[in-house]
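Residue-level structure breakdown
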Amino acid sequence: MKIDTITIFPEYFAPLQLSLIGKAQERGIVEVGIHDLRSYTSDNHHSVDDTPYGGGAGMVMKPEIWGAALDPLMTKESDLIILTPAGRKFDQPMAHELAQATHLVFACGRYEGIDARVGQHYAAKGFRVHEVSIGDYVLGGGEVASLVMIEAIARLLPGVLGNPESLVEESHVQEGFLEYPNYTKPPTWRDIAVPEILLSGNHAAIAQWRAEQARIRASEGL
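This brings us to the packing of helix H3 (residues 92–99) against helix H5 (residues 142–154). In the contact formed by H3 and H5, the axes pass within 8 Å of each other and the chain directions differ by 70 degrees. Between H3 and H5, the angle falls in the class roughly perpendicular. With respect to the hand of their crossing, H3 and H5 are arranged in right-handed fashion. Seen from H3, the contacting residues are Ala95, Leu98 and Ala99; seen from H5, they are Met149, Ala152 and Ile153.

The topology assignment puts Ser133 in strand E7 (residues 128–133). Here the side chain of Ser133 touches Gly135 through a polar contact of 2.9 Å, landing on its backbone oxygen. Once you skip the residues sitting within four places of it in the chain, Ser133 turns out to touch Thr84, Pro85, Gly87, Arg88, Lys89 and Phe90.

The parallel open sheet is built from five strands, whose spatial order is E2-E1-E6-E5-E7. Of all the strands in the sheet, just strand E2 (31–36) and E7 have a single pairing partner and so form its edges. This sheet shows a mean twist of 25 degrees between the axes of neighbouring strands, independent of strand direction. The pairing of strand E1 (residues 2–7) with strand E6 (residues 103–107) spans five bridges and is parallel.

What follows deals with a nonpolar patch on the surface. A contiguous nonpolar surface patch, about 480 Å² in accessible area, is contributed by Phe9, Tyr12, Tyr137, Leu139, Val144 and Val148. Tracing the backbone shows Tyr137 in the loop between E7 and H5.

So, on to helix H2 (residues 63–70). Along H2, the residues that are buried comprise Ile65, Trp66, Gly67, Ala69 and Leu70. Looking at the buried side of H2, the elements it contacts are E1, strand E4 (60–61), strand E5 (78–89), E6 and helix H4 (117–124).

In this structure, Ile81, Phe90, Leu104, Phe106, Met149 and Ile153 are the most contacted members of the largest nonpolar core, which totals 30 residues. Those residues in contact with Ile153 that lie beyond four places of it in its chain are Met1, Phe90, Ala95, Leu98, Ala99, Leu104 and Phe106. Counting residues in hydrophobic clusters, the runner-up holds 18 residues, among them Ala69, Val105, Ile114 and Tyr122.

Each value, and the rule that gives it
- Residues numbered from 1 in each chain as written.
- Predicted model: local features only at pLDDT ≥ 70, side-chain atom pairs only at ≥ 80, totals over all residues.
- Heavy atoms only, no water.
- Axes fitted to C-alpha atoms, helices over the stretch in contact; angles between N-to-C directions.
- Helix = DSSP H or I, 4+ residues; strand = E, 2+ residues; numbered from the N terminus.
- Parallel < 35°, antiparallel > 145°, perpendicular 65-115°, else oblique.
- Left-handed = near helix turned anticlockwise from the far one by under 90°.
- Contact = heavy atoms within 4.5 Å.
- Polar contact = N/O pair within 3.5 Å; in protein donor to acceptor, adjacent residues only side chain to side chain.
- Pairing = 2+ DSSP bridges.
- Patch = residues over 30% accessible without salt bridge, like charges linked within 9 Å, V, L, I, M, F, W, Y side chains within 5 Å.
- Areas by Shrake-Rupley, 256 points an atom, 1.4 Å probe, with all protein chains shown as cover.
- Salt bridge = Lys/Arg side-chain N within 4 Å of Asp/Glu carboxyl O.
- Buried < 20%, exposed > 50% of the residue type's maximum accessible area, 1.4 Å probe, protein only.
- Core = buried A, V, L, I, M, F, W, Y, C linked by side-chain atoms within 4.5 Å.

Any functional reading would require information beyond the geometric quantities listed.
Next comes the structure, spelled out in structure tokens:
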């Protein structure tokens, strides 16, 4: 998979060189490109925003700058992801959906967001455009949201996780449950003991216990 991000803060994406995604890049499973939006400006101040039509607080990112940055990247294989609080909420099924893509382009907005015509233009040209939010809150920009999505998507790609069975264990999330609590050695820590069922060796009973714990967590909203 190829992943491109466009941002005014390229340094924000240094963590992509670490851990699973860093190793996936070394193995050629994922290719990541980071692009500085300001490099597509033509004025001395490298301005990427302007005042909103209709008035209001804040600034809006200019469409011509985004067009100049996106045009060289977009192909028929590309999915354009515009991060916005008004977008569809990102979840595990969407992660699986996007993990099937060949090329993801993340547009990291700032200020009051990206001029709406950017998404409209590429959708009209036949590109797959996704407006996405990672939750019901407002961030300073799309960089954090992009990092969240990239990690959630990339770890689903074949060969990224050392133990692919980990993805099977996460099926609770896809079925509407939360993951069960996990424990490791020692069997007792600060007077708190590991549940005895996990020490029993009865795999059927353990599986049943874990499923029940996942249901309880989901019902309690933990």
